[in-house]
Amino acid sequence: MSSTNRGAERSPADYYVTKIPDILAFLQAFAEDCPAFANQHILDPCAGGDDRNPMSYPEAIRQAGWNEAQIDTIDIRPDSLAACKGDYLRMDLDVAPDIIISNPPFCLALEFIQKALTDVKR
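Residues numbered from 1 in each chain as written. Predicted model: local features only at pLDDT ≥ 70, side-chain atom pairs only at ≥ 80, totals over all residues. Heavy atoms only, no water.

A. Summary view of the overall build of the protein chain. A count of helices and strands for the protein chain gives three helices and four strands. Out of the 122 residues in the protein chain, the part that is buried amounts to 39%. Partitioning the intrachain contacts of the protein chain with sequence separation of at least 6 by distance along the chain shows that 70% fall at a separation of at least 24. When the accessible area of the protein chain is evaluated, it comes to approximately 7,500 Å², of which 52% is carbon and sulfur surface. (Helix = DSSP H or I, 4+ residues; strand = E, 2+ residues; numbered from the N terminus. Buried < 20%, exposed > 50% of the residue type's maximum accessible area, 1.4 Å probe, protein only. Contact = heavy atoms within 4.5 Å. Areas by Shrake-Rupley, 256 points an atom, 1.4 Å probe, with all protein chains shown as cover.)

So this is what it looks like as structure tokens:
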């Protein structure tokens, strides 16, 4: 996460597209320690995406070939490509995901981490 995107001007919506190659590198390293990652129920509560960009984490997971994973997406922005539009911080989940992976707004990162720790399957 970067609050300034390495010197770029901050977006009023604090929306930055996470680079898919960076996510792929992370996923490869993560999968070495957790090979069952590909078959998990994954939640991205800040999925993003818009008319110019795919949702970064779901796209990287697809590119990694983990097509067996169930990926649920949430985003508060109305122009997001997420399946569910809403405020994750105010939602009660019906099912606990195995993994929560996302790039939340920097100004709310701690709140997202705290909620994710209570929502994820234990």
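B. Highlighting the pattern of salt bridges. The full count for this structure, using the stated rule, is seven salt bridges. Note that Glu 59 is salt-bridged to Arg 62, the shortest N-O span being 2.4 Å. Of this pair, Glu 59 and Arg 62 both sit in helix 2 (residues 56-63), three residues apart, roughly one helical turn. Residue classification places Arg 62 among the partly exposed positions, given a relative accessible area of 47%. Within this structure, Asp 75, Arg 77 and Asp 79 form a network of salt bridges that share partners. (Salt bridge = Lys/Arg side-chain N within 4 Å of Asp/Glu carboxyl O.)

C. Inspection of the environment of Asp 98 at higher detail. The residue Asp 98 is located in the loop between strand 3 (84-85) and strand 4 (99-100) in this model. What makes Asp 98 partly exposed here is its relative accessible area of 24%. In this structure, the C-alpha to C-alpha distance between Asp 98 and Ile 42, residues 56 residues apart in sequence, is 6.0 Å. When neighbours within four sequence positions are excluded, Asp 98 is seen to be in contact with Gln 40, His 41, Val 120 and Lys 121. Looking at Asp 98, its side chain comes within polar contact range of the side chain of Lys 121, at 3.3 Å. (Polar contact = N/O pair within 3.5 Å; in protein donor to acceptor, adjacent residues only side chain to side chain.)

D. Summary view of the side chain of Asp 50. Within the fold, Asp 50 resides in the loop between strand 1 (41-44) and helix 2. It turns out Asp 50 is buried and unbridged, and the closest side chain with the opposite charge, Arg 52, is 4.1 Å from it. For Asp 50, the side chain forms a polar contact with the main-chain nitrogen of Arg 52, separated by 2.8 Å. In terms of polar contacts, Asp 50 uses its side chain to reach the backbone amide nitrogen of Asn 53, at 2.8 Å. (Lys, Arg positive; Asp, Glu negative; His and termini not counted.)

E. Structural view of helix 1 (residues 20-33). Look at helix 1: 20 Å from first C-alpha to last across 14 residues, which is about the 20 Å you get at 1.5 Å a residue. For helix 1, every residue scored as buried is listed here: Ile 20, Ile 23, Leu 27 and Ala 31. On an axial view of helix 1, the arc spanned by its buried residues comes to 70°, and they lie on one face. For helix 1, exposure combined with an orientation more than 90 degrees from the buried face picks out Pro 21, Asp 22, Gln 28, Glu 32 and Asp 33. Residues of helix 1 that are buried in the fold lie against helix 2. (Expected span 1.5 Å × (residues − 1). Arc of directions from axis to C-beta.)

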